[in-house]
Amino acid sequence: MKHIISLTLAVMILVFASSVSYADVKDGFYMKKIDDEIFSRIKGKSFKDNCTLPREDLRYLHVLHKDLEGNTHEGELICNVYIAYDVLDILMKLYEANYPIEKIRLVDEYNADDETSMRDNNSSSFNFRFISHTTKISKHGLGLAVDINTLYNPYVNRKGETEPATAGAYLDRTKDFPYKIDHNDLCFKLFTEHGFEWGGDWKSVKDYQHFEVPDRMTAILYPDNK
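Residues numbered from 1 in each chain as written. Predicted model: local features only at pLDDT ≥ 70, side-chain atom pairs only at ≥ 80, totals over all residues. Heavy atoms only, no water.

Digging into the overall build of the protein
Thought 1: If you tally the helices and strands in the protein, you get six helices and 11 strands.
Thought 2: Split into buried and exposed, the 226 residues of the protein put 53% on the buried side.
Thought 3: The long-range share in the protein, meaning contacts at least 24 apart out of those at least 6 apart in sequence, stands at 61%. (Helix = DSSP H or I, 4+ residues; strand = E, 2+ residues; numbered from the N terminus. Buried < 20%, exposed > 50% of the residue type's maximum accessible area, 1.4 Å probe, protein only. Contact = heavy atoms within 4.5 Å.)

Brief notes about the nonpolar core
For soluble globular proteins, the rule of thumb is that nonpolar side chains tend to be buried together.
Thought 1: Residues L61, I78, I83, V87 and F211 are the most contacted members of the largest nonpolar core, which totals 52 residues.
Thought 2: Breaking this core down by element, the ones donating at least two residues are α2 (36-42), β2 (58-66), β3 (72-80), α3 (81-96), α5 (186-193) and α6 (215-221).
Thought 3: No other element matches α3, which puts 10 residues into this core.
Thought 4: For I78, the residues in contact, after removing those within four places along its chain, are I34, I38, I42, L58, R59, Y60, L106, S125 and F126.
Thought 5: By size, the runner-up hydrophobic cluster in this structure holds six residues, among which are L151, Y170, F177 and Y179. (Core = buried A, V, L, I, M, F, W, Y, C linked by side-chain atoms within 4.5 Å.)

Focus: the confidence of the model for the protein
Thought 1: Looking at the protein, pLDDT values average 91 and 89% of them are 70 or higher.
Thought 2: Predicted confidence for residues 11-24 stays below pLDDT 50, and this span has 21 contacts to residues more than four positions away or in other chains. (pLDDT = per-residue confidence, 0-100.)

A word on the packing of aromatic side chains
Thought 1: Using the criterion set out here, one finds 11 aromatic pairs in the structure.
Thought 2: Relative to F130, the ring of F128 has its centre 5.1 Å away and its plane inclined at 80°; by these criteria the two rings are edge-to-face.
Thought 3: For F128, a relative accessible area of 0% gives the class buried.
Thought 4: Residue F130 is classed as partly exposed on the basis of its relative accessible area of 30%.
Thought 5: Among the aromatic residues, ring-to-ring pairing joins Y152, Y170, F177 and Y179 into one connected group.
Thought 6: Sitting over the ring of F39, R55 keeps its end group 4.3 Å from the ring centre. (Phe/Tyr/Trp six-rings, centres within 6.5 Å; stacked < 30°, edge-to-face > 60°. Lys NZ or Arg CZ within 6 Å of the ring centre and 35° of its normal.)

Quick word on α3
Thought 1: A rise of 1.5 Å per residue sets the reference length of α3, with its 16 residues, at 22 Å; its end C-alpha atoms lie 23 Å apart and thus fit the reference within 8%.
Thought 2: Among the 16 residues of α3, 13 are classified as buried, and the element is accordingly described as predominantly covered.
Thought 3: A distance of 2.9 Å separates the backbone nitrogen of Y82 from a side-chain oxygen at the start of α3, and that oxygen is part of N80.
Thought 4: Of the residues one or two after α3, N98 is the one with positive phi, at around 60°. (Expected span 1.5 Å × (residues − 1). Polar contact = N/O pair within 3.5 Å; in protein donor to acceptor, adjacent residues only side chain to side chain.)

Section: the side chain of H140
Thought 1: By the element assignment, H140 lies in the loop between β5 (122-123) and β6 (145-147).
Thought 2: When its relative accessible area of 7% is taken as the criterion, H140 is described as buried.
Thought 3: At 3.5 Å, the side chain of H140 forms a polar contact with the backbone oxygen of A145.

Focus on the packing of α3 against α5
Thought 1: At a minimum axis separation of 10 Å, α3 and α5 run at an interaxial angle of 155°. Between α3 and α5, the angle is such that the two are roughly antiparallel. For the pair α3 and α5, the sense of crossing is right-handed. Where α3 abuts α5, its residues I90, K93 and L94 lie against L186, C187, L190 and F191. (Axes fitted to C-alpha atoms, helices over the stretch in contact; angles between N-to-C directions. Parallel < 35°, antiparallel > 145°, perpendicular 65-115°, else oblique. Left-handed = near helix turned anticlockwise from the far one by under 90°.)

Re the sheet that holds strand β10 (residues 206-207)
Thought 1: Read across the open sheet, the three strands follow the order β8-β7-β10; overall the sheet is antiparallel. Two strands in the sheet have a free side with no partner beyond their single neighbour: β8 (162-163) and β10.
Thought 2: One ladder, built from two bridges, connects strand β7 (residues 155-156) with β8; its direction is antiparallel. By the bridge assignment, V156 is partnered in β8 with T162. (Pairing = 2+ DSSP bridges.)

As for the pattern of salt bridges
Thought 1: Taken as a whole and judged by the stated rule, the model has 13 salt bridges.
Thought 2: The salt bridge involving R41 is made with E76; its shortest N-O contact spans 2.9 Å. One end of the pair, R41, is in helix α2; the other, E76, is in strand β3, with 35 residues separating them in the sequence.
Thought 3: A salt bridge links D182 to K180; the nearest nitrogen and oxygen atoms lie 3.9 Å apart.
Thought 4: Judged by relative accessible area, K180 falls into the buried class, the value being 12%.
Thought 5: The network of salt bridges with common partners includes E102, K103, R105 and D120. (Salt bridge = Lys/Arg side-chain N within 4 Å of Asp/Glu carboxyl O.)

Here it is in structure tokens:
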């Protein structure tokens, strides 16, 4: 399934998610529900004790990815069921195109600490949290955002400070360096073709690693998340 902006697809996924059986899409690429074994790895970490997102809304993705040298690695990612097909398709196409992604590991391997994960250039999605000083769940907390090659594509606040804090060398986006995401990048093109918005296009702050479901769709999927 493609194009997450489709209301029809949103309804279809939410209605049938609990009953669909997922077969391998391609060797090394597959998804499955969060079974007890996977849940034991994320409980108390990305799936925090105060997590209000139903476990059934998440899917585990197993993928392959290439590093800069062209070596193949196995990757793991947990995201919302609503975007699972899209993300699997995007990562499969990036792999087929030899697009370099250094790491795709569950953020739980970093004890669900975003700064540590980003400093290691890890790509990930779900990590439950509320937006600061609100009761609203963030896009990552809903599993509706994906961050790619995070060290080289930092979040930049209004003061020009970066997250991760070690990403200062990659603040100047006019420079060429490995893993950089911009408008000419295949990663940008695939995510936006699937209906995601890119944080690099934000006006007041920049989040070059970040692709998310638009607010209008998030409001339809989770109308009580205010």
